[in-house]
Structures are given as structure tokens and as C-alpha cells.
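Given next are the chains, with one letter for each unit.
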Amino acid sequence: MPGARRETFAALRSCVSRVSGRASSDISECTRFDELGMTLLQTSQLVASLEDRFGIEIPYMKFRRKQTIADAVDYVMELMEE
């Protein structure tokens, strides 16, 4: 996993862990958001945390369509390149 991707994954995993209450060690790139059982409010909090962390604007509805942590990492990295 290249450096930038590793850092993005680590930051996203940390935010997901904090918002969902799951241990970071339980969250991998293969983890599906539907497995985490996050509410809409938690997902909104996650998006806000990621926006603050990366200094980007993340369209909530597009983010919600991401099925796995890997999908979210790819999306965040894509937004940071714009």
C-alpha cells in the first residue's frame, strides 16, 4: 500500500472507529459500511470528521454510496487530488 494511501486509510479508520465505537483493529479496507451498523447521524459525523481532517469538502450523498472502507479511501484520495 503506497504511503499516501496508507495514511489516508489510517486516518479514515481512526475516524470510523471513533464515530462507530468499533476497535480500529476490527476495521480493514474490506470492511463494509453496512457491517458497521452506523446510523445516518454517525455517517454525517464521519463525513464532517474527514472534511476537517483532510481540509476537503465531501458530498454526503456520494460518500454514502461507498460500500467499503477501500471505496471511501479511494474517494477521499480522489477529492484531495482535485
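From a predicted model like this one, the values you see are computed outputs, not experimental measurements. (Residues numbered from 1 in each chain as written. Predicted model: local features only at pLDDT ≥ 70, side-chain atom pairs only at ≥ 80, totals over all residues. Heavy atoms only, no water.)

## Remarks on the packing of helix 1 (residues 3-20) against helix 3 (residues 40-54)
Direction vectors running N to C along helix 1 and helix 3 enclose 145°, while the axes themselves pass 9 Å from each other. Considering only the axes of helix 1 and helix 3, their crossing is right-handed. Together, Thr8, Ala11, Leu12, Cys15, Val16, Arg18, Val19 and Ser20 of helix 1 and Gln42, Gln45, Leu46, Ser49, Leu50, Arg53 and Phe54 of helix 3 make up the contact between the two elements. Residues of the contact of helix 1 with helix 3, tallied by class, amount to eight nonpolar, five polar and two charged. (Axes fitted to C-alpha atoms, helices over the stretch in contact; angles between N-to-C directions. Helix = DSSP H or I, 4+ residues; strand = E, 2+ residues; numbered from the N terminus. Left-handed = near helix turned anticlockwise from the far one by under 90°. Contact = heavy atoms within 4.5 Å. Nonpolar A, V, L, I, M, F, W, Y, C, P; charged D, E, K, R; others polar.)

## Remarks on the environment of Arg13
With respect to the helices and strands, Arg13 occurs in helix 1. For the pair Arg13 and Leu50, spaced 37 residues apart in sequence, the C-alpha separation works out to 10 Å. Once residues lying within four places of it in the same chain are set aside, the contact partners of Arg13 are Ser24 and Ile27.

## A short note on the packing of aromatic side chains
In this structure the tally under the stated criterion is one aromatic pair. With 5.8 Å between their ring centres and 65° between their planes, Phe33 and Phe63 make a pair best called edge-to-face. Taken as a pair, Phe33 in helix 2 (residues 33-36) and Phe63 in helix 4 (residues 60-64) lie far apart in primary sequence, 30 residues in all. Each member of the pair, Phe33 as well as Phe63, is classed as buried. Above the face of the Tyr75 ring, Lys66 is positioned so that its terminal group lies 4.4 Å from the ring centre. (Phe/Tyr/Trp six-rings, centres within 6.5 Å; stacked < 30°, edge-to-face > 60°. Buried < 20%, exposed > 50% of the residue type's maximum accessible area, 1.4 Å probe, protein only. Lys NZ or Arg CZ within 6 Å of the ring centre and 35° of its normal.)

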